[in-house]
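If you want the building blocks of each chain, they are given just below.
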Amino acid sequence: MEFANQKGFFKDLYLNIQNSITDAEKSEFGKLATDSTRFEFIANLASVKNMNLQCDVTKKNSAEALKLKQQGNVAFQNKNWVAALTLYNVSLINTPEENGEEMSIIYANRSAALYHMEDYDRALRDISLAMPNYPKHLRYKLYERKARCHLAQKDFDDAMNAFKATVTHLDISNLSFEKRGKLEKDSQIMIKMLQQQEDQIAKFKQLKLKNKKADVSKYGLNSSVTFDYNPNEGRFAKAKKDIAIGDEILVENPHCAMLLEKFSKTHCQHCFKRSAAPLPCKDCCNVIFCSIECRNLATSTYHKFECGILKLLWNSGSSINCHMALRMMSQKSPNYFQDIKEQLTNVKFEDTISLPYTDYRKVFNLVRHETMRSEANFMQYTVMAYFLTLCLKISSFFDGFEAEFNFIGGLVLRNLQFLQFNTHEVYELVESETDKKSSKTVFIGGGIYPTLALFNHSCNPDIVRYYNGCAVHVHSVSNIKSGGTISENYGPIYSQHAIDDRKATLKEQYWFDCNCKACDENWPLYENMKTDEIRFRCDGDSASCNNIITIPSDCNEFMIKCIECGQFTNILKGLKAIQDTDMLDKTAKRLYSEKDYSGSYKKYLQILKLLDEVMAPPFRDYCNCQQSLKECLLQNGNKITM
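Residues numbered from 1 in each chain as written. Predicted model: local features only at pLDDT ≥ 70, side-chain atom pairs only at ≥ 80, totals over all residues. Heavy atoms only, no water.

Participant: Whenever I open this one, the overall build of the protein confuses me. Can you help?
Facilitator: Of the regular secondary structure elements, the protein holds 25 helices and 18 strands. In terms of overall dimensions, the protein has a C-alpha envelope of 100 × 75 × 40 Å along the principal axes. The 642 residues of the protein split such that 50% are buried. A sequence separation of at least 24 residues applies to 66% of the contacts in the protein between residues at least 6 apart. Total accessible area computed for the protein in this model is approximately 31,600 Å², and 48% of it derives from carbon and sulfur atoms. Counting 81 positive and 78 negative side-chain charges, the protein places the centres of these two groups 6 Å from one another. (Helix = DSSP H or I, 4+ residues; strand = E, 2+ residues; numbered from the N terminus. Buried < 20%, exposed > 50% of the residue type's maximum accessible area, 1.4 Å probe, protein only. Contact = heavy atoms within 4.5 Å. Areas by Shrake-Rupley, 256 points an atom, 1.4 Å probe, with all protein chains shown as cover. Lys, Arg positive; Asp, Glu negative; His and termini not counted. Charge placed at Lys NZ, Arg CZ, Asp CG, Glu CD.)

What follows is the structure, given as structure tokens:
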């Protein structure tokens, strides 16, 4: 079973359907030539029509929420802020939306824990969420805490306004005369003190404006990159002009992304960022969000349909690709697909270049190897497509658009096919506080990236990538000449996996025979790379000579003749580069250990540029430096220290 694990119910469901299909029906199915006709055929089978799906919605639990809140209060009183925060988080997830006042109290309590943890931004957000339904006679507490948060951030203007609001709301509090008088006096003292900070307030406003303008992500494709096509390689990326080591060549949001179930309570369902103080879904206990913006985006699109069927999808055992095939539909509307139906029959790659990443036409023609699929493969995929489309139906996705069921189902079937070969794993760096060597990347979800999907594979890739949330950042780790192919890696690296294993893996998972340079020349594994010889690039006058000159490390000659172009290469230049990189490497490692990742990255860039200028892989120092560059870049992305 290609996309359902042993624990889920879909495997048995599929086998029952398969056993009920007659040989004549299988023969008829095998003659069908389009996804839409395959889907319609399966949808009309009696055994499929009888498919009965039961939604298992995880409902909110008021009693459990109250219990957790009380436990959080005890932890807070004991000044165990982390435990209190964790308990308040789970309490919020379980609190029904209609319990507005109770929810506001939990938000207020959590804001207090966050304040003590010096997480002022999240504390301020929780204060805002708590304010509308918070008991009026207690609101002075929220305004006073809001003032303290702004004060800690040196946002004196907002702090002063919050202290003024504290004084105003003391008039409707139930405090005793003495307590109210003391708090009012303290607030008035702070207001007077802050009124004397006009210069600081003006500077802070200018700084906030400057930071706001500077905080612009450079999403998009580097102008040095273009795309080409040939029958052997299909669509592929290449350099329009020279690309240097370290260049950021792509930053891209996914057309669609899906978080793994095991991370649904720790990471934002929408952007994949880990959230210490999450916001709950208003209707289910299955997911969390990191911000109001993410929650609004999700619940106004895909999550309003998936809210009631996520548990059903998880329980089916279907893979993350299947969930993504469904979400590619649920994040839009039947009306959207109805509007572009005619265009999909004649979508050309050239016409999609300028389309935004959110446009379905951007991914519609990604490779799916439909001519290589067997009847059995199509049968399995089509039954899964029907199951997913039926999930959409019971979630009210088709309300008012019932006639589009088979059309949308055909698209879900197509999605399943191209997701098989084009999904990228989204990961997070998990570091140990005590043992940095045990750091590892953990798979947290999957995404389909319309531009990155066009990069072809090499066992010796030209790029590395990391993820900030679910956005992918792609950097070059090779010097790529104008006109050269830009390759990424689909899994097996030549230095870590033997050639036979690499080829077998790529053939099984991606259905192609790898003929990259590392495979054609049978480059050795890292542990088998020779340390008693050096590989120099030909440094002769002929710009067209790409010969590699291999000499023993104890060679006493300094001028070596190239057997291809006849020119001489002075290897002293290469030996000097090796000597220089030794010192740079020590500095880079020291900076990394001091957590100066930017400084370390710059040193490793220097090293790799020096090595690449005079030497050619494969050799260990080159592999080590590329890996170190990647480790530095990973520090910019999703990361947690345990």
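We are not done yet, so read on.
Participant: How should the pattern of salt bridges be read in this particular structure?
Facilitator: Note on pairing: side chains with opposite charge can pair once their charged atoms come close. Applying the stated criterion to the full structure yields 20 salt bridges. The salt bridge involving E102 is made with K69; its shortest N-O contact spans 3.0 Å. Of the two residues, E102 is situated in helix α7 (residues 100-116) and K69 in helix α5 (residues 62-77); the sequence distance between them amounts to 33 residues. On the accessibility criterion, E102 (23% relative accessible area) is partly exposed. The shortest N-O distance in the salt bridge between R361 and D359 comes to 2.6 Å. Ionic contacts of the salt-bridge type, sharing partners, join the residues R110, R125 and D126 into one network. (Salt bridge = Lys/Arg side-chain N within 4 Å of Asp/Glu carboxyl O.)

Participant: Would you explain the pairing of strand β4 (residues 248-252) in this entry?
Facilitator: For a regular strand, side-chain orientation follows a simple rule: the groups alternate between the two sheet faces. Where burial is concerned, most of β4 is hidden: four out of the five residues are buried. Across two bridges, strand β1 (residues 220-221) lies against β4 in antiparallel orientation. Counterpart to L221 in the pairing with β4 is L250. Here β4 pairs with strand β12 (residues 471-476) via four bridges, running antiparallel. By the bridge assignment, V251 is partnered in β12 with H473. (Pairing = 2+ DSSP bridges.)

Participant: Would you take a moment to explain the environment of S319 for this structure?
Facilitator: Here S319 shows up in the loop between α15 (310-316) and α16 (320-330). Taking the relative accessible area as the measure of exposure, S319 reaches 24% and is therefore partly exposed. For S319 and F236, which are 83 residues apart along the polypeptide, the C-alpha to C-alpha distance reads 27 Å.

Participant: Is there a simple way to think about a nonpolar patch on the surface in this case?
Facilitator: Together, F558, M559, F568, L572 and L575 line one region of the surface with nonpolar side chains, adding up to about 450 Å² of accessible area. Overall, M559 belongs to the partly exposed group, its relative accessible area being 42%. (Patch = residues over 30% accessible without salt bridge, like charges linked within 9 Å, V, L, I, M, F, W, Y side chains within 5 Å.)

Participant: Help me out: how do you make sense of the environment of I243 in this one?
Facilitator: Inspection of the secondary structure puts I243 in the loop between β3 (234-239) and β4. Between the C-alpha atom of I243 and that of S478, which follows or precedes it by 235 residues, the distance is 8.0 Å. With residues up to four places along the chain from it excluded, the contact list for I243 reads S224, V225, I249, S476, S478, N479, I480 and I486.

Participant: Can you help me understand the sheet that holds strand β11 (residues 463-468) in this one?
Facilitator: Pairing between the strands of a sheet comes from backbone hydrogen bonds, and it takes one of two forms, parallel or antiparallel. If you trace the four strands from one edge of the open sheet to the other, you get β1-β4-β12-β11, paired in antiparallel fashion. Each edge of the open sheet carries a strand with a single partner, namely β1 and β11. Lying over the sheet, helix α25 (residues 620-634) contacts β11 and β12, oriented at roughly 15° with respect to β11. (Axes fitted to C-alpha atoms, helices over the stretch in contact; angles between N-to-C directions.)

Participant: I tried to follow the sheet that holds strand β5 (residues 256-259) on my own but got confused; where do I start?
Facilitator: With mixed pairing, four strands are arranged side by side in an open sheet as β5-β9-β8-β18. Of all strands in the sheet, those bounded by a partner on one side alone are β5 and β18 (639-641). Across the sheet, the mean angle from the axis of one strand to that of its neighbour is 35°, orientation sign disregarded. Across eight bridges, the pairing between strand β8 (residues 423-431) and strand β9 (residues 440-448) is antiparallel. Each residue of the ladder has a partner; that of V430, found in β9, is K440. Lying on the sheet, α16 is in contact with β5, β8 and β9; it crosses β5 at an angle near 135°. Each of β8 and β9 touches helix α20 (residues 405-422); the most contacted strand, β8, lies at about 45° to it.

Participant: Looking at this model, I keep getting lost on the side chain of E306. Mind explaining?
Facilitator: The residue E306 is located in helix α14 (residues 303-306) in this model. Looking at E306, its side chain comes within polar contact range of the side chain of S330, at 2.8 Å. Setting aside its immediate chain neighbours within four residues, E306 contacts M258, L326, R327 and S330. (Polar contact = N/O pair within 3.5 Å; in protein donor to acceptor, adjacent residues only side chain to side chain.)

Participant: It is not clear to me how the side chain of H457 should be interpreted in this structure. Could you clarify?
Facilitator: Inspection of the secondary structure puts H457 in strand β10 (residues 456-457). Within polar-contact distance, the side chain of H457 engages the backbone nitrogen of C459 at 3.4 Å. A polar atom in the side chain of H457 sits 3.0 Å from the backbone nitrogen of Y490. Once residues within four sequence positions are removed from consideration, H457 is found in contact with S487, E488, N489, Y490, P492, L506, F512 and C514.

Participant: Could you clarify how one ought to interpret the packing of α7 against helix α9 (residues 139-152) in this entry?
Facilitator: For any two helices packed against each other, the geometry comes down to the angle between their axes and how far apart the axes lie. Between α7 and α9, whose axes approach to 11 Å, the crossing angle comes to 25°. Looking at the two axes, α7 sits roughly parallel to α9. In terms of crossing hand, the pair formed by α7 and α9 is left-handed. Within the contact between the two elements, α7 uses A108, S111, A112 and Y115 and α9 uses L142, R145, R148 and C149. (Parallel < 35°, antiparallel > 145°, perpendicular 65-115°, else oblique. Left-handed = near helix turned anticlockwise from the far one by under 90°.)

Participant: Would you mind going over the packing of helix α3 (residues 35-43) against α20 with me for this structure?
Facilitator: Between α3 and α20, the shortest axis-to-axis distance is 8 Å and the interhelical angle comes to 115°. Crossing geometry of α3 relative to α20 is assigned as right-handed. Side by side, α3 and α20 meet where D35, S36, R38, F39, E40 and A43 of the first sit next to F405, N406, G409, G410, L413, R414 and Q417 of the second. Here the contact of α3 with α20 is built from residues that sort into four nonpolar, five polar and four charged. (Nonpolar A, V, L, I, M, F, W, Y, C, P; charged D, E, K, R; others polar.)

On their own, these measurements won't tell you what the molecule is for.
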